[in-house]
Amino acid sequence: MEKRIGVFICNCGETLNNIDFDAVVKKVAEFPGVTSIKLISTLCLEEGKKKMLSCIKKENIDRVVVAACSPEFKEHVFRQVLENAGLNAHLFSMANIKEQCSWAHEGDVTGKAVELIIMAVNRTRLLQPVKKKKFSVTRKVLVIGGGFAAINASLQLSRAGLRTTLMQRAAILGAGTAEVESLCGFDINSMVSEVEGDENIEILTSAEMTAIAGKIGNFTVRIRKGCEEISHKYGALVVATGYQTKLALESELKSDANIVSQEKLCHMLRDPDLEIRPGTIGFMFDFSDENSRLPTLATLNNALAAKRKWGSEVYVFYKSVKVDSEGIERLYQEARDCGVMFLKSDISPRIAVENGKIKIEAKDVFLDGEINLACDVLVAEEQLLPAEETEAMSSILNIRKDSSGFYQDENVHLYPVTSEKKGIFIIGGCRGDLDISRVLADISSVVVSVYELLSSGNILAEAERVKADPQKCVACLTCIRICPHDAIQLIRVDGGKEVAEISDLACEACGICAAICPAKAITFQGYRDEEILAQVETIG
Amino acid sequence: MNTESNDVLVVGAGISGIASALELANSGVNVYLLEKEAVVGGHSASFCCKATDVCSQCSACVVPDKIKEAVSHPQIRLLTNSTLRGLSGELGNFQVAITQKPQYIDQERCIACGLCTKVCPTDPKAIHPPFAEAMPFCYVLDEEFCLRFKGEKCDLCRKGCPTKAIKFTVKPKEQELSVGAIIVATGFDVFNARKKGSLGYGRYRNVLTGLDLEQIFTREGYLRLPASGEEPKNIAFIQCVGSRDEDHDYCSHVCCKYAMKLAGLIKYHNPDALVSIFYIDLQTAGKGFAQFYEQYKKNIRFVRGVPVEVLQTASGKLDVRFEDISQGKVCKDTFELVVLSVGISPREQSWNLARTLGINLSDDGFFAERDSMSTNETNVDGIFIAGTCQGPRDIPDSIAHGIAAASKAVQILGQSVSQRRGNQGIH
């Protein structure tokens, strides 16, 4: 059937004076396939849109070319007109006769305007509609982890009305949170009992993920618990597996009972039966890992607690204090006011054990001299590392890590909680070094993101904008390997042949697969070869 | 009469306000996005891209995308040039009074053709385009320069406008909105470097702030000395100007990283330039920053100690006096350009808005959170805070905080009235 193409030309309030619009209209009108052509002075304004709409209806136009300014500014406005007229918004092209033509050139500007419009007409003739479709999603969330962020997120997701599974590798929920608890003074046990009492939350401990299939909205996760393996369906995944710390010490010092971690000191501070209170305590941070905030936070809190509870003499050796978290400058001031001694040093102090005491030799930058200190307990410098399972999990989930090995690629467009794989979210310490207020923001962010995705039970999205033709696909896997969003999988079709299938929900329409497919089996609506060639041949 | 509303008002269309509004709108909530300026984006829209051969992850490029999405979102109603004048009611049923400055140029009708600027007889032009990435891209009128506001009868732009978008007869517009919740995201003021008189800002042309430098890179794409137009060879960055001092009990979170990234950009354009950064403590934490810091350590000179005085020499260079703590003595160095890494200050008008809304301010002058475990909530139920109006944040943290505020609003509006009474403050 002959396509009825309507061309709407805008002269931007008669400001594009170097184009002879009468000549443009005359030339374009002669071009075969152009059903209607209208010159409207300000197409993007209400009156212009009205004229465009009535013309589309009156002349039975079924696809549209607009020759106006950059699509950056107004494309969404014109697409809306098409939708209002009951046309598919993809049956539309824009020719930029303002910034890329009138403003840019002298000489035969009219000629270029005509060419741009005819290129768009030739493309538009071949365009195919892209329909929207409702995709049903599983209204269940899997939260992986058992620390503060995981428990808190589960509680909020459940309150938002979503069935939630909280799964962790360890046997007891909230076991490793002593340090965080002391940092922000909450009670993990009450949170754990709240989770346990919540009917909307299923708890799986000593369990881990072994495989995942499916895409956003409908993931199938294989979970191993003990010796049995089960499959569950989830609409979204929230990864909150936290971080681990490692003492940055030479190995012979690690075994010394008086050289401890921040977590060990937290336990000592809480221990009512502690026999000997350490008289002198040393802390160290920011020498071997200069890019973490949490050691500063832990040191300030623990130094203050030791000062207050035990009345110990406290010396802190550090290079730079990391005060770029909420309230930390004040905490730093408070610690100094309480008599905690802060000693800045550019190089890591030397540590030795002598007669049961720990000797610290440092060069202080203010005093410009050597400091020798013998302390009873040294809280050694800690390095922040990704949790143990991160490596294995990231390959199961197929999500990238950053340069320090934590989850989430360093692409700034992914922040705060999304991964490059739609439907998989990353929150808290497992995506980097976050203080408590940042973790809380992560938790709230993920709750609303998951709610947005799953609450209604279905998602309206464009279907088959990018599609692999099962007849042409030879299952070479090139597209599956290249897709940055992990949106393509192999499925078995009738006759036992395996072909690539693109998930409409996971696809971001970047077009890489369509460009690279050696069998030319993948088409990207709006950018198909014939559509692009039709434009090129116009001016050829 | 039941006037319960589930609409949300977001006050301030900087990056956190936009993040809040988008998240709310995508969750099906109707949003009013209030902005006191003519264009949205706030401070975040004025930062430059700091990429060298590789992306430096400054997040400046995230902003235009979000702005465009918010401006064209069918569920977000944008109210520019508008301020909040009054508030009554409670959670679920707030009445908000809004005043809109006279809109001399109708945003719906301006097509940014530029004819008005061409005919405007003043210098500088009283009617001009907003900055390049501005959205909505509508021309703005400066009452300060426009002849009509000086009693003259100039009518050139109005007559020349092809879409009749300019009207001088318009009056301020008052309107009242009914909303269920309010998110305050009014952002920050850049610290006024003139307050530190001894550092020479405002007196010496070659003393700039970090924000000035951002804008020079955005506008020109390269760095030249404001005084002579030559390429500077010796540049000093002074950290903590308006942070971590007797008046500011906080770190501004952003300055160390923007200074290092700008220094990296200067070195990229001119590898022979010498760049020194004077600091108290280096804030080098953050995703992916370790790899950049390793590079910066190799080609930037870091000096522990913040200068107290900058003096211009007869030849126009700048003498910087500082205590080099590592050497334990007072030193003097000469630079061609000094950049003050100015920090984030609370908005001067925060106090007025706090009074109108009945919310508390913290000791530092930012809006106070209800408690440290809920940094989006205020002492008033249904009024939330997002972004740098609550405390210093960089762009990613502001976006996260904005989304978190939206989350709180969605959760509380999703509850029935009785549930809300029984379950105040969801953490």
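Residues numbered from 1 in each chain as written. Chains lettered and ligands numbered in written order. Predicted model: local features only at pLDDT ≥ 70, side-chain atom pairs only at ≥ 80, totals over all residues.

What about the overall build of chain A?
Broken down by element type, chain A carries 17 helices and 28 strands. Compactness check: chain A gives a C-alpha radius of gyration of 32 Å against a globular reference of 24 Å for 540 residues, more than 25% above the reference. Viewed in the frame of its principal axes, chain A has a C-alpha envelope of about 100 × 60 × 40 Å. The 540 residues of chain A split such that 44% are buried. Once local pairs closer than 6 in sequence are excluded, the contacts in chain A between residues at least 24 apart make up 70%. (Helix = DSSP H or I, 4+ residues; strand = E, 2+ residues; numbered from the N terminus. Rg over C-alpha atoms; globule rule 2.2 N^0.38 Å. Buried ≥ 20, exposed ≤ 12 C-beta atoms within 10 Å, placed from the backbone. Contact = placed C-beta atoms within 7 Å.)

Some remarks on the domain arrangement of chain A
Considered domain by domain, chain A is made up of domain 1 (5–130), domain 2 (140–242 + 387–458), domain 3 (250–384) and domain 4 (464–524). For domain 3 of chain A versus domain 4 of chain A, the distance between C-alpha centres works out to 56 Å. (Domains from an automatic or database assignment.)

Remarks on unusual backbone geometry
Cis geometry is adopted by the peptide bond preceding Pro416 of chain A, which originates at Tyr415 of chain A and carries an omega value of 0°. With respect to the element layout, Pro416 of chain A can be found in the loop between helix 13 (390–397) and strand 23 (424–426). Residues Asp123 of chain B and Pro124 of chain B are joined by a peptide bond in cis, for which omega reads 0°. By secondary structure assignment, the location of Pro124 of chain B is in the loop between helix 3 (115–119) and strand 6 (127–128). In this structure, Glu464 of chain A is a non-glycine residue whose phi angle is positive, near 55°. Among the secondary structure elements, Glu464 of chain A is positioned in the loop between strand 24 (458–462) and strand 25 (466–468). Despite not being glycine, Ala112 of chain B has its phi angle at roughly 55°, a positive value. With respect to the helices, strands and loops of the structure, Ala112 of chain B is situated in the loop between strand 5 (93–100) and helix 3.

Structural notes on the interface of chain A and chain B
Across the boundary between the two partners, chain A contributes 51 residues, which contact 52 residues of chain B. Elements with a contribution of two residues or more to the side of chain A that touches chain B: helix 3 (71–84), helix 12 (328–337) and helix 14 (436–454) of chain A. Sort the elements by how many residues they give to the side of chain A that touches chain B and helix 14 of chain A lands first, with eleven residues. In terms of residue class, the side of chain A that touches chain B is made up of 19 nonpolar, 15 polar and 17 charged. (Nonpolar A, V, L, I, M, F, W, Y, C, P; charged D, E, K, R; others polar.)

Some details on the nonpolar core
Counting residues in hydrophobic clusters, the biggest one holds 270 residues, and the most contacted among them are Ala67, Ile117, Val238 and Val450 of chain A together with Ile183 of chain B. In this view, Val450 of chain A contacts Val141, Leu157, Leu162, Ala236, Val238 and Phe425 of chain A; residues no more than four positions away in its chain are not counted. Grouped together as the second largest cluster of nonpolar side chains are 18 residues, Ala468, Ile502, Ala506 and Phe524 of chain A included. (Core = buried A, V, L, I, M, F, W, Y, C linked by C-beta atoms within 7 Å.)

Topic: the sheet that holds strand 18 (residues 350–354) of chain A
All names here are of chain A. Overall, antiparallel pairing links the three strands, which are arranged 18-19-20 in an open sheet. The two strands at the open ends of the sheet, each matched to only one other strand, are strand 18 and strand 20 (369–375). Geometrically, the sheet is characterised by an average inter-axis angle of 20° between neighbouring strands, direction not taken into account. Sheet analysis places strand 18 next to strand 19 (residues 357–364), joined by five bridges and oriented antiparallel. Note on strand 19: the bridge partner recorded for Ile351 is Ile360. (Pairing = 2+ DSSP bridges. Axes fitted to C-alpha atoms, helices over the stretch in contact; angles between N-to-C directions.)

Overview of helix 9 (residues 395–413) of chain B
An ideal rise of 1.5 Å per residue puts 27 Å on 19 residues; helix 9 of chain B measures up with 27 Å between its terminal C-alpha atoms. Counting buried residues in helix 9 of chain B gives 17 out of 19 residues, a clear majority hidden from the surface. (Expected span 1.5 Å × (residues − 1).)

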